[in-house]
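Examining the three-dimensional arrangement
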Amino acid sequence: MLDKEHLLEILYLLVKIRRVEERLVDLFSQGKIPGFIHVSIGQEAVSAGVCSCLGAEDFIFTTHRGHGQALAKGIDLKRFMAEIYGRKDGFCKGKGGSMHIASREAGVAGSNGIVGAGLPISLGAAFSSIYRGEKNVTVCFFGDGASNQGAFHESLNLAAMWDLPIVFCCENNGWAQFSPQKVYMKLDNISRRADSYGMAGVTVDGNDVLKVREEAEKAVERARRGEGPTLLECKTHRWLGHYVGDAQKYRPPTEIQEVKQFDPIIRYENFLLESGHIGREYLDSLEARVNSEIEEAIGFAERSPVVGAEELFCDVYA
Amino acid sequence: MKEIRYVRAITEALDEEMARDRDVFVVGEDVGRAGGAFSATKGLLETYGEMRVRDTPISETAIIGLAVGAAAQGLRPVAEIMFSDFLAVCMDQIVNQMAKTRYMFGGMYKMPVVVRTPCGGGLNAGPQHSQCIESWFAHVPGLKVVMPATPYDVKGLLKSSIRDDNPVLFIENKALYAIKGQIPEEEYFVPIGKADVKRTGNDVTVVATSRMVYQALEAASALAAEGIDAEVIDLRTISPLDKETIFESLEKTSRLVIAHEAVKLFGIGAEIAAMVCEEMIDHLDAPIVRVGAPFVPVPFNLEDAYLPKADDVVRAVKRVVEF
């Protein structure tokens, strides 16, 4: 069992991810954020559970729905927010936006807007670790939809062949854009695909953060020991649409309501309350702390300079 | 100086760079045990071992992705794609990932990847193993596209490409692998982005790439016998394009022919012609004429009819000179 400090750290991550994304939905709806954003509300236990067993030196690769993954890995919230605003102090000077947030310091090595494209790149990060004899591990996040891309197959096969230190974390929220899993896949459990590459595969309740953490830890340690990759499938639910503003006309309204009963945060809070680790007042103070961090980050982003046209030609080439 | 084959000049460049820099590694299908489909990586596995000479499954997307991820972490991968036609299999990793990583992450990463790949016909390899598709990649900001024609240039440019901090698509020509040429015994480099005047002349400028450099030189010899003095520029690098060398030559000749093996429509020749029209049309004494392949796939059995030749260059030059 994790000690109290770690248990509370996980709670902090869960609440922070949820509240940040709720604020992003508001800000987007107010027209303060350009482009389009994808949020992971309802799926926070996957990011928090997996990243809570990684160190800063470990790499993660995130997706178009990657806010939670980056935040759980410890990315700086202020520069994260500035990037989403497209401002100069963003991690990518605003050139990437919501789908392309990365940070070398936090080990958020890459982030991708192309479904499944992060998997082949994660091979290279993991390879650089074994090439240099380093012990860091790479976690590549992707969704259920990505597991139907050819890049998934090529990557898992090569990673298994080379015993690369990777955890392929499939955040299965049941929806590939506008289609439910049953219409594009015969399988229920995507982790079964691991067997065809000769690697370990496991499916876990992705709404139970401690279960996610437990299985992720096993997979990470296996990778760190040089025993190769794991396909870790975390089954969860996407509460909102594919993108913010998606009316989800393709989805029965009852289902949208039903999935909220699996709220990973309420579930975890109840566990901590019932087991006596925290009281109600702790939750209130945590909310206040997270809220103030978010307001500070929004202030930072809104004060950050708008990027001038002179930046257009920067960084095309080194 | 010493004589060396084009393919061995590649091997020498790889060997020298791998010996110098431990971060350089070679990755691709059959590059190790087999020494490469065209033997370009022959002997490297024995010298540098399995960590630095990596045989992969037949998975082009994984190969390029691996190179992108490793380069972001500071390694310097040289990936081999067995035929340039197979670049189509891994377009996402090349165009959306490798080319954009630096820009999209605001300069966070360097992307020192070299993708070596042979193009071109002449081996009866059929429609999926013979194309010249350099223009696809020259159209993508973030990539450099290099296309050397001689043993000297292929070695010097490969060394420069490996030391470049940007992704370089290094397009070799399989019909040239066996040709011989002179190179220095000592180390040398050929800069990326610099064309080379392979023959000086006063009457017409012929800009050529890869195998067509030889066709252009052959044409120039034939034309000389008829009193036409052609200047032949070997582009060597497609992107960034060496506008200065082309313009300088045109100041002198005022006539331009562009010759490439790729299909003529929408090719590099169109870009050069447009650029010249935009910026120095007043200098031109004749229309610009392009020589390229017809707008058809490369047929297995009709390669001879398909491939542009020295005679085509001769005809093109006569058109502009006699205008």
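Criteria and thresholds
- Residues numbered from 1 in each chain as written.
- Chains lettered and ligands numbered in written order.
- Predicted model: local features only at pLDDT ≥ 70, side-chain atom pairs only at ≥ 80, totals over all residues.
- Helix = DSSP H or I, 4+ residues; strand = E, 2+ residues; numbered from the N terminus.
- Rg over C-alpha atoms; globule rule 2.2 N^0.38 Å.
- Buried ≥ 20, exposed ≤ 12 C-beta atoms within 10 Å, placed from the backbone.
- Expected span 1.5 Å × (residues − 1).
- Contact = placed C-beta atoms within 7 Å.
- pLDDT = per-residue confidence, 0-100.
- Axes fitted to C-alpha atoms, helices over the stretch in contact; angles between N-to-C directions.
- Parallel < 35°, antiparallel > 145°, perpendicular 65-115°, else oblique.
- Pairing = 2+ DSSP bridges.

1. Let's talk about the overall build of chain A
Along the backbone of chain A there are 10 helices and 8 strands. Its C-alpha atoms give chain A a radius of gyration of 19 Å, within 12% of the compact-globule value 20 Å for 318 residues. Counting only C-alpha atoms, chain A reaches 55 × 50 × 40 Å along its principal axes. Within chain A, buried positions represent 52% of all 318 residues.

2. Details of helix H6 (residues 150-161) of chain A
With 12 residues, H6(A) ought to run about 16 Å at 1.5 Å a step, and its terminal C-alpha atoms sit 17 Å apart, in line with that. Of all 12 residues making up H6(A), 9 are buried, and the element is well covered by its neighbours. Buried within H6(A) we find Ala151(A), Phe152(A), His153(A), Glu154(A), Ser155(A), Leu156(A), Leu158(A), Ala159(A) and Ala160(A). Where the residues of H6(A) are buried, they touch helix H5 (118-131), strand E4 (166-172) and strand E8 (230-235) of chain A together with helix H3 (60-72) of chain B. Asp163(A) lies just past H6(A) and shows a positive phi near 50 degrees.

3. Considerations on the confidence of the model for chain B
Averaged over every residue, the pLDDT of chain B is 98; residues scoring 70 or more account for 100%. Interface confidence for the predicted complex, expressed as ipTM, amounts to 0.97; the pTM equals 0.97.

4. What to know about the packing of H6(A) against H3(B)
At their nearest, the axes of H6(A) and H3(B) sit 8 Å apart, and the two run at 70 degrees to each other. In terms of orientation, H6(A) and H3(B) fall into the roughly perpendicular class. When H6(A) is examined against H3(B), the residues Gly150(A), Ala151(A), Glu154(A), Ser155(A) and Leu158(A) are found in contact with a partner set consisting of Thr61(B), Ala62(B) and Gly65(B).

5. Here we look at the sheet that holds strand E14 (residues 289-293) of chain B
All names here are of chain B. Spatial ordering of the open sheet is given by E9-E11-E10-E13-E14, a layout of 5 strands whose pairing is mixed. A single partner strand is all that each edge strand has here, and the edge strands are strand E9 (196-199) and E14. Between one strand axis and the next, the sheet turns through 25 degrees on average, direction left out of account. Of the strand pairs in this sheet, strand E10 (residues 204-208) and strand E13 (residues 256-263) are connected by 4 bridges, and their pairing is parallel. By the bridge assignment, Thr205 is partnered in E13 with Leu256. The sheet strands contacting helix H8 (residues 212-225) are E9, E10, strand E11 (230-234) and E13, and the helix crosses E11 at an angle near 170 degrees. Of the strands in this sheet, E10, E11, E13 and E14 are in contact with helix H12 (residues 310-321), which crosses E14 at around 165 degrees.

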